[in-house]
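Architecture and fold: a report
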Amino acid sequence: KEMGAEANIGFTMFDRWFTFSPAKNALEAGVEDVKKGSTAPGTMSSAESDKYIQNQRKLKFAGVDLPVTQVPDDLIPVSGIPVTEGPRIVLCPAFGITQEELLAKIQGDVKISKRSSVVLEGHHLTIKNLNVDGALVIRTGEDSHVTVDGLKVSNKGWTIVPNDPSKEYEEAV
């Protein structure tokens, strides 16, 4: 609908990384898009990588000492799709969605290395003085109140491994 000159209109604009990362293309189509110069192939792996990068930025805002992937410079190819090398961060909605929630739940000296994978889930989970170099998954029950304070994690962690295209994989949710 066209509006007249007297219409009072406003809009809000966000960087693409903050708002949009589709998972609409098959791997093969995404690889072709990358070969043609696309930086947004729209595959499952690129969407997952974008979410990790978004969560890196959220934790950095909350004061966490961690590397933040610079797109496209820091991306590595996995099966032909550029993805973040890490850290791979999953912030479940129960842990926190807003800046206010993250600032309240992340306290003290928190460090996460580039090679780390971290999953945080829990309405009443607070992170204080945490150092992660490897893999860490913390999931709490709805009525559980958990504070992680002074934990140091150093383990083998998880590695990104391309799937074999000739093999069938079981889907798990």
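Above this text sits the structure in question.
Here goes a summary of the coordinates provided. (Residues numbered from 1 in each chain as written. Predicted model: local features only at pLDDT ≥ 70, side-chain atom pairs only at ≥ 80, totals over all residues. Heavy atoms only, no water.)

Along the protein chain, the regular secondary structure elements total four helices and nine strands. Reading the protein chain from its N end, one meets helices and strands in the order α-α-α-β-β-β-α-β-β-β-β-β-β. Considered along the principal axes of its C-alpha atoms, the protein chain spans approximately 55 × 55 × 30 Å. Relative to all contacts within the protein chain whose residues are 6 or more apart in sequence, the contacts with residues 24 or more apart total 41%. For the protein chain, the computed accessible surface area is about 11300 Å², with 52% contributed by carbon and sulfur atoms. For the protein chain, the distance from the average site of its 19 positive side-chain charges to the average site of its 24 negative ones is 4 Å. (Helix = DSSP H or I, 4+ residues; strand = E, 2+ residues; numbered from the N terminus. Contact = heavy atoms within 4.5 Å. Areas by Shrake-Rupley, 256 points an atom, 1.4 Å probe, with all protein chains shown as cover. Lys, Arg positive; Asp, Glu negative; His and termini not counted. Charge placed at Lys NZ, Arg CZ, Asp CG, Glu CD.)

Let's shift gears to the nonpolar core. In this structure, Leu59, Phe95, Ile106, Ile112, Leu120 and Ile127 are the most contacted members of the largest nonpolar core, which totals 21 residues. For this core, the element with the highest residue contribution is strand β6 (residues 125-133), accounting for four residues. (Core = buried A, V, L, I, M, F, W, Y, C linked by side-chain atoms within 4.5 Å. Buried < 20%, exposed > 50% of the residue type's maximum accessible area, 1.4 Å probe, protein only.)

With respect to the element layout, Lys105 can be found in helix α4 (residues 99-105). Buried charge without a salt bridge: Lys105, with Glu101 as the nearest opposite-charge side chain at an N-O distance of 6.1 Å. A polar side-chain atom of Lys105 sits 2.8 Å from the main-chain carbonyl oxygen of Phe95. (Salt bridge = Lys/Arg side-chain N within 4 Å of Asp/Glu carboxyl O. Polar contact = N/O pair within 3.5 Å; in protein donor to acceptor, adjacent residues only side chain to side chain.)

This part covers the pattern of salt bridges. Applying the stated criterion across every chain yields a total of four salt bridges. A salt bridge links Arg115 to Asp133; the shortest N-O distance between them is 3.0 Å. With Arg115 in the loop between β4 (106-112) and β5 (117-121) and Asp133 in strand β6, this pair connects stretches of sequence that are 18 residues apart. For Arg115, a relative accessible area of 36% puts it in the partly exposed group. Among the salt bridges present, the one from Arg139 reaches Glu121, with a minimum N-O distance of 2.5 Å. One end of the pair, Arg139, is in strand β7 (residues 135-139); the other, Glu121, is in strand β5, with 18 residues separating them in the sequence. On the basis of relative accessibility, which here comes to 54%, the residue Arg139 falls in the exposed class. Exposure remark for Glu121: the relative accessible area of 25% places this residue in the partly exposed category.

The subject of this paragraph is the sheet that holds strand β3 (residues 88-91). Two pairing modes exist for strands in a sheet, parallel and antiparallel, and in both the strands are linked by backbone hydrogen bonds. Within the open sheet, the three strands sit side by side as β3-β5-β7. Their pairing is parallel. Each edge of the sheet is formed by a strand with only one pairing partner; in this case those strands are β3 and β7. Taking the axes of each pair of neighbouring strands and ignoring which way they run, one obtains an average angle of 5 degrees across the sheet. When β3 meets β5, the two strands line up parallel, connected through four bridges. The residue bridging Arg88 from the neighbouring strand is Ser117, located in β5. (Pairing = 2+ DSSP bridges. Axes fitted to C-alpha atoms, helices over the stretch in contact; angles between N-to-C directions.)

When you line up the elements, Gln54 lands in helix α3 (residues 44-61). A distance of 2.7 Å separates polar atoms of two side chains, one belonging to Gln54 and the other to Lys51.

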